[in-house]
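# Overview (structure and organization)
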Amino acid sequence: MAEEIKSLDALKGAVEGADITPGLSALEETINREPVRDAFGRSYATGKRKDAVARVWIKPGSGKVTVNGKDMSAYFARPVLQMILRQPFSVAGVEDQFDVMATVKGGGLSGQAGAVKHGVSKALQLYDPALRPALKAAGFLTRDSRVVERKKFGKRKARRSFQFSKR
């Protein structure tokens, strides 16, 4: 900073004189996203939730969802978990247009359903970048970072202490 700006008018003049087009071109490059698909026309993404990690491939199809070689209704028996898996498609407005093949490891069923949802959302926005704003607004592209807190020594659980005994 060679010169010191002491008023708002001087700051305004300095900003108007500055060339800001390189910043705009970088912004335009990030806005113009290209679809990412493999040779088979599929998009791949990894989804994570708690301790579960899901590898998800999507391709145009009839809406069939396969998780670890089983149908979605057989793997996730609870209707709530099935609803979680269908959320990205309903928000993006592409129900029954994509087939999903997912492999998921780790965690429990709830964490696995969240991991598949995260992976499907990321794969959808890679397949069709126009779907990104709707998925981003719904918060489906953000990894839910909440995990179980570890147990501490001298405690019964993470924060729960042993029962105090006066005598």
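Remember, predicted model here, so these are calculated numbers, not experimental data.

## A few points about the pairing of strand β1 (residues 43-49)
Alternating residues of β1 divide into Ser 43, Ala 45, Gly 47 and Arg 49, all buried, and Tyr 44, Thr 46 and Lys 48, none buried. As defined by bridge partners, β1 adjoins strand β2 (residues 52-60) across seven bridges and the pair is classed as antiparallel. Bridge pairing in β2 places Ser 43 opposite Ile 58. With antiparallel pairing between neighbouring strands as the criterion, β1 and β2 make up a hairpin whose turn holds two residues, including Lys 50 at a positive phi of roughly 55°.

## Overview of the nonpolar core
Grouped together as the largest cluster of nonpolar side chains are 31 residues, with contacts concentrated most on Ile 58, Phe 76, Leu 85 and Leu 124. At the level of elements, β2, β3 (65-67), α3 (72-75), α4 (79-92), β5 (98-105) and α5 (109-127) are the ones that each hand at least two residues to this core. With seven residues, the top contributor of residues to this core is α5. When residues no more than four places from it in sequence are discounted, the contact partners of Leu 85 are Val 65, Val 67, Met 72, Phe 76, Ala 113 and Val 116.

## Some thoughts on α5
If you check α5, its first and last C-alpha atoms are 26 Å apart, about what 19 residues at 1.5 Å a residue would give, namely 27 Å. Of all the 19 residues making up α5, 15 are buried; the element is thus mostly covered by neighbouring parts of the structure.

## A word on the packing of α4 against α5
Look at α4 against α5: their axes get within 8 Å of each other, and the N-to-C directions meet at 10°. Here α5 runs roughly parallel to α4, going by the angle between their axes. From α4, Leu 81, Ile 84, Leu 85, Gln 87, Pro 88 and Phe 89 reach across to α5, where they touch Leu 109, Ser 110, Ala 113, Gly 114, Val 116, Lys 117, Val 120, Ser 121 and Leu 124. Residue composition of the contact of α4 with α5, by class: 10 nonpolar, four polar and one charged.

Parameters at a glance
- In this convention, every chain numbers its residues from 1, walking through the sequence in written order.
- With pLDDT at 70 or above as the cut-off, local features in this predicted model cover only qualifying residues; side-chain atom pairs require 80 or more to be listed or tallied, and sums for whole chains, interfaces and linings still use all residues.
- Only hydrogens and water are set aside; all other atoms, that is, all heavy atoms of the structure, feed into the side-chain values.
- Only protein chains enter the area calculation, which uses a 1.4 Å probe; residues under 20% of their type maximum are buried, those over 50% are exposed, and those in between are partly exposed.
- To qualify as a helix, a DSSP run of H or I must reach at least 4 residues; to qualify as a strand, a run of E must reach at least 2; elements of each kind are numbered from the N terminus.
- When DSSP finds at least two bridges between two strands, those strands are taken to pair.
- We define a nonpolar core as any set of buried Ala, Val, Leu, Ile, Met, Phe, Trp, Tyr and Cys residues linked to one another through side-chain atoms lying within 4.5 Å.
- The contact rule is simple, with two residues in contact once any of their heavy atoms fall within 4.5 Å.
- In a helix, the anticipated span is given by 1.5 Å times the number of residues less one.
- Angles shown run from 0 to 180 degrees and are taken between the N-to-C directions of axes, each axis being a line fitted to C-alpha atoms and, for helices, limited to the stretch in contact.
- Small angles under 35 degrees read as roughly parallel and large ones over 145 as roughly antiparallel, with 65 to 115 read as roughly perpendicular and the rest as oblique.
- For this classification, the nonpolar set comprises Ala, Val, Leu, Ile, Met, Phe, Trp, Tyr, Cys and Pro, the charged set comprises Asp, Glu, Lys and Arg, and every other residue, Gly included, is treated as polar.

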